[in-house]
Amino acid sequence: MDLDTWRLIMSGATIAIGGIFPAIAIGKITAKAVEAIGRNPESASDVRTSMILGVAFAEAIAIYGLVTALIIKFV
Amino acid sequence: MLHISLAAETIAHIGPLPVTNSLLMTWGVMVILLVLAIASTAKLSLIPNNVQSIVEIVLEGLYSFFSTVVGRHVKMIFPLVASLFLFIIVSNWSGLLPGVGTIGFTEPTAFVPLLRGPTADLNMTIALAVIAVIAMQYFGFKTLGLKYSHRFINIKNPILGFVGFLEILSDLSKVISFAFRLFGNIFAGEVLLAVMAFLMPFIAPMPFLMLELFIGFIQALVFSTLTSVFINVSLAHDE
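Every chain is numbered independently, its residues counted from 1 as its sequence is written. The lettering of chains begins at A and the numbering of ligands begins at 1, in the order of writing. With the structure being a predicted model, the display of local features is reserved for residues of pLDDT at least 70 and the display and counting of side-chain atom pairs for 80 or more, all residues being used for whole-chain, interface and lining totals.

### Focus on the overall build of chain B
Argument step 1. Put simply, DSSP H or I for four residues or longer makes a helix, DSSP E for two residues or longer makes a strand, and each gets a number counted from the N terminus. Across its full length, chain B carries six helices and four strands.
Argument step 2. With the principal axes as the frame, chain B shows a C-alpha extent of 65 × 50 × 40 Å.
Argument step 3. In this scheme the burial state of a residue depends on its C-beta neighbours within 10 Å: 20 or more other such atoms mean buried, 12 or fewer mean exposed, and anything in between means partly exposed; the C-beta positions come from the backbone. For chain B, the proportion of its 239 residues judged to be buried stands at 29%.
Argument step 4. By definition, residue pairs are in contact when their C-beta atoms, positioned from the backbone, come within 7 Å. In chain B, 66% of the contacts between residues at least 6 apart in sequence involve partners at least 24 apart.

### Points about the overall build of chain A
Argument step 1. On a plain count of helices and strands, chain A comes out with three helices and zero strands.
Argument step 2. Taken over the C-alpha atoms alone, chain A extends approximately 60 × 15 × 10 Å along its principal axes.
Argument step 3. Per-residue burial over chain A gives 15% buried out of 75 residues.

### Digging into the environment of Val90 of chain B
Residue and element names in this part refer to chain B.
Argument step 1. On the secondary structure map, Val90 appears in helix α3 (residues 74–94).
Argument step 2. Taking C-alpha positions, Val90 is 8.5 Å from Ile32, a pair spaced 58 residues apart along the chain.
Argument step 3. With near-sequence residues (within four places) excluded, Val90 lies in contact with Val29, Ile32 and Leu33.

### What to know about the interface of chain B and chain A
Argument step 1. On the chain A side, the residues contacting the 13 residues of chain B number 13 residues.
Argument step 2. Of all the elements, helix α5 (residues 158–199) of chain B adds the most residues to the side of chain B that touches chain A, at six residues.

### Observations concerning the nonpolar core
Argument step 1. To define a nonpolar core, we join buried Ala, Val, Leu, Ile, Met, Phe, Trp, Tyr and Cys residues through C-beta atoms within 7 Å and take the resulting set. Of all hydrophobic cores here, the largest spans 45 residues; its most connected members are Leu66 of chain A together with Leu84, Phe85, Ile88 and Phe223 of chain B.
Argument step 2. Those elements that place two or more of their residues in this core are α3 (44–74) of chain A together with α1 (21–41), α2 (50–70), α3, α4 (122–144), α5 and α6 (205–235) of chain B.
Argument step 3. For this core, the element with the most residues is α3 of chain B, which contributes nine residues.
Argument step 4. For Leu66 of chain A, the residues in contact, after removing those within four places along its chain, are Ile15 of chain A together with Gly184 and Ala188 of chain B.

### As for the packing of α2 of chain B against α3 of chain B
Residue and element names in this part refer to chain B.
Argument step 1. Fitted lines through C-alpha atoms serve as axes, helices being fitted only where they are in contact, and the angles separating the N-to-C directions of these axes extend from 0 to 180 degrees. Between α2 and α3, the shortest axis-to-axis distance is 10 Å and the interhelical angle comes to 125°. On the basis of their axis angle, the class for α2 and α3 is oblique. Seen from above, α2 lies across α3 with right-handed handedness. Contacts from Leu59, Leu62, Tyr63, Phe66, Ser67 and Val70 of α2 reach α3 at Val74, Ile77, Phe78, Val81, Ala82 and Phe85. For this classification, under 35 degrees means roughly parallel, over 145 means roughly antiparallel, 65 to 115 means roughly perpendicular, and everything else is oblique. Crossings are sorted by hand: turned counterclockwise from the far helix by less than a right angle, the near helix makes the crossing left-handed, and turned clockwise it makes it right-handed.

### A few points about the confidence of the model for chain B
All names here are of chain B.
Argument step 1. For every residue, the predictor assigns a confidence score, pLDDT, that lies between 0 and 100. Taken over all residues, the pLDDT of chain B has a mean of 90, while the share at 70 or more is 99%.
Argument step 2. Mean pLDDT across the secondary structure elements of chain B bottoms out at strand β3 (residues 104–106), with 83, and peaks at α3, with 95.
Argument step 3. Our summary of model confidence lists the complex with pTM equal to 0.91 and ipTM equal to 0.83.

### Some points on the environment of Asn123 of chain B
Residues and elements named next belong to chain B.
Argument step 1. Examined against the element boundaries, Asn123 turns out to sit in helix α4.
Argument step 2. Asn123 sits in the partly exposed class, given 16 other C-beta atoms within 10 Å.
Argument step 3. The spatial distance from the C-alpha of Asn123 to the C-alpha of Phe183 is 9.2 Å, given a sequence separation of 60 residues.

### What about the packing of α3 of chain A against α5 of chain B?
Argument step 1. It is at 9 Å that the axes of α3 of chain A and α5 of chain B come closest, and there the two elements cross at 65°. One way to sum up the angle between α3 of chain A and α5 of chain B is to call them roughly perpendicular. Once α3 of chain A is placed against α5 of chain B, the crossing between them reads as left-handed. Taken together, the residues of α5 of chain B that come into contact with α3 of chain A (itself represented by Ala56, Ala60, Ile63, Tyr64, Leu66 and Val67 of chain A) are Ser177, Phe180, Arg181, Gly184, Asn185 and Ala188 of chain B.
Argument step 2. For the contact of α3 of chain A with α5 of chain B, the residue count by class is eight nonpolar, three polar and one charged. Each residue is assigned to one class: nonpolar for Ala, Val, Leu, Ile, Met, Phe, Trp, Tyr, Cys and Pro, charged for Asp, Glu, Lys and Arg, and polar for all the others, Gly among them.

Pasting the structure below:
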């Protein structure tokens with residue numbers, strides 16, 4: 001197979017595989033955060049801030065995969 | 001056909017220096033923020049009216065949010081962190097304006113847009129990330145003096161010496177992480193909007209525009225909050 005075909009396949013595979021674990025991680029983080037808010041509704045705003053931070057870290061990994069896929073396709 | 005370019009395109013030259021379309025948009029964002037600043041502080045009064053009142057709402061909200069995140073150091077870091085937030089949010093949202101990315105001229109081979117969201121350019125996000133990481137070291141040295149260097153270079157204790165080396169690596173990786181998080185989110189949003197507009201121009205892009213508004217806000221918040229949290233961590237050493 002020539003280079004363009006490989007580029008096409010691999011750019012799709014990079015983001016597809018690279019998005020699996022961040023998606024699981026974000027789901028787990030948000031589930032635990034919601035559980036914590038349920039246990040202690042007064043700390044909702046602190047928990048929410050920490051959750052947003054945690055989700056940003058997890059999402060960054062998916063973004064690395066996305067940027068790599070874009071680089072494979074367009075550069 | 002779709003026009004997607006990872007790098008910002010050069011549209012002019014000032015002497016030997018190239019001017020890219022995202023640089024042009026950055027100047028536009030600067031003008032917006034400057035006009036807002038001047039208009040709100042021109043006649044400062046204890047009983048605010050119109051523009052000053054709105055800016056006070058925004059700044060007071062940011063100040064109370066950052067004081068819950070950081071605690072007592074908020075006075076020192078608020079100018080940096082709030083400036084990062086305001087600049088990044090205006091930059092992110094300016095990439096959604098009609099005409100940005102669509103109006104341009106046709107070079108011999110490809111279409112070159114005249115304007116492009118500033119944070120969709122990797123140069124800008126790397127610059128912001130370097131500013132944030134240097135600010136962490138600056139505030140560390142300013143508050144703790146030379147003892148702050150014990151975080152990185154520790155000769156007495158071999159384990160702490162290795163931990164110090166890992167801290168240096170971790171700070172370098174923060175630059176990469178900050179830069180690519182912001183760039184990836186905003187650039188991928190632009191690509192998504194371009195693809196959606198290409199597939200079905202009239203109704204389908206609307207939810208994606210709302211998503212991009214939200215993402216722009218969240219990424220600005222995350223960048224500034226992470227900067228403030230890391231500054232807090234670096235100030236907590238030796239205290």
